[in-house]
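# Coordinates in review
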Amino acid sequence: MILSVKLLFFTLFFLLFGAIHYLAHSRIVTKMHLSQTTKRVLDTFLGLNFLGNIGYVAARYVTDVPKPLYALFSISIGIGFIILLSLILYELLHFLQRSLPFHDERRRLFKRISDTGFLAAGAGMVTLSVYEGSKRPVLNTVKLEQNRFGGRCYKIVQISDMHIGGLIEQRFVKESVERINALNPDLVAITGDLTDLPVKRIRPALDELKNLRSRYGTFYVPGNHEYFHGIEETLRYLVRSGIHILGNSAQNLGPFWVVGVYDLFGIRYKKFIPDIEKAASKISKGATTLLLAHQPRFIMHLGNFQPSLMLSGHTHGGQIWPFGYLVRLQQPYLKGLHRLGDRRHIYVNSGIGFWGPPMRLGTEAEITLIEWS
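Source: prediction; values computed, not measured.

### What to know about the layout of surface pockets
- Of the pockets and cavities examined, the largest pocket occupies roughly 1,600 Å³.
- Forming the walls of the largest pocket are 40 residues, and the residues nearest its centre are Phe9, Asn224, His225, His314 and Trp355.
- Where the lining of the largest pocket is concerned, the elements lending two or more residues are helix H1 (2-28), helix H2 (36-61), helix H3 (67-99) and helix H10 (324-327).
- Broken down by element, the residue count for the lining of the largest pocket peaks at eight residues, all from H1.
- Reported here for the second largest pocket is a volume of approximately 500 Å³.
- Elements represented by at least two residues in the lining of the second largest pocket include exactly helix H4 (104-133) and helix H5 (170-182).
- Of the residues forming the lining of the second largest pocket, the biggest block, five residues, is contributed by H5.
- Along the lines of polarity and charge, the residues of the lining of the second largest pocket split into nine nonpolar, four polar and eight charged.

### Quick word on the packing of helix H6 (residues 199-207) against helix H7 (residues 231-240)
- Where H6 contacts H7, the axes come no closer than 12 Å and their chain directions differ by 25°. The angle between the axes of H6 and H7 places the two elements in the roughly parallel class. Considering how the two elements wind past one another, H6 and H7 form a crossing that is right-handed. Facing H6, whose interface residues are Val199, Arg203, Leu206 and Asp207, H7 presents Glu233, Thr234, Tyr237 and Leu238.
- Partitioning the contact of H6 with H7 into residue classes produces four nonpolar, one polar and three charged.

### Considering the sheet that holds strand S12 (residues 366-372)
- Taking strand neighbours across the sheet as the criterion, the six strands line up as S1-S12-S2-S3-S4-S5 in an open arrangement whose pairing is mixed. The open sheet has two edge strands, strand S1 (138-144) and strand S5 (244-245), and neither has a second partner.
- Here strand S4 (residues 218-221) runs beside S5; their pairing, made up of two bridges, is parallel. Looking across to S5, one finds that Tyr220 is bridged to Ile245.

Cut-offs and rules
- Residues numbered from 1 in each chain as written.
- Predicted model: local features only at pLDDT ≥ 70, side-chain atom pairs only at ≥ 80, totals over all residues.
- Heavy atoms only, no water.
- 1 Å grid on protein atoms, 1.4 Å probe; cavity = no way out; pocket = protein on both sides within 12 Å on 5 of 7 lines; lining within 4 Å.
- Points joined across faces, edges and corners; volume = space filled by probe spheres on them.
- Helix = DSSP H or I, 4+ residues; strand = E, 2+ residues; numbered from the N terminus.
- Nonpolar A, V, L, I, M, F, W, Y, C, P; charged D, E, K, R; others polar.
- Axes fitted to C-alpha atoms, helices over the stretch in contact; angles between N-to-C directions.
- Parallel < 35°, antiparallel > 145°, perpendicular 65-115°, else oblique.
- Left-handed = near helix turned anticlockwise from the far one by under 90°.
- Contact = heavy atoms within 4.5 Å.
- Pairing = 2+ DSSP bridges.

This is the structure:
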């Protein structure tokens, strides 16, 4: 199953990025009023960037490469997405260039200036995205008052989508653990996509999670990416590390239940399938519950179960604007706190790490502290 999914992914990947770079040549570069030398430079850049896309896949799944080279390969993926956006925007710009009521000489001048400005804007977007992606994750504090604990407040720290592997290494995990421990949480929740490589390749980084400290412990549910890299071994290793795996199960912590389900990708994987009825089978009606589910759209699979607070991730907050609008086509929420009903909420974490390019625009990597009362 996973092999067939990977083959489909690789095929679609090369077709998509090959088409993006070819169309950038034929629909943008050839139409620009720039010197032939500049056009050759742009075509060379497109060719090199596509080679970087191929290098990313090779470095990810075939062979190890030096970290600086891997970073360049990763950035080429982000540039590819920005080129895709540019294809759409340049068609609009080209229409505007042809439609303005200018005489020929002024039209050529306007096109030359606007083409130059278009390239500058694209370069600026790439530069800003890389800069924003390099920033330290922010701490977002959310005060959630549901009047559930008789004036008591519980501190829940949530992280999601760390994607350990590639550019997310031991040092990053260690620093994240230190920041989380400094918050003195009652509970740490990890809502999936923790790993992005097989356990054997990232053990030192995973071992840093053993140092997480909280009153009730660390609770984890897998995301879709764990299924691609040996979910069975990942879960076994995390259990040995002292992390509580909530695979369609729940634990009564006294003031509230913490509940967790496998990811929706398990339905396609045909193993580790999410089952909220099984997870909540021991919970009495009206009990206060904290649900961990990787994807926000799991709210459509809750049935009669109504969690007091649901924590999710998966979306990365869109990671690079404006692709969050595409995420919203699949997920009901992109990021932040949302009301589900009377004294019921969902919080969607934008991710502490990143997937693919180390780039962000319009969203921030985050650690979330929820002060729940």
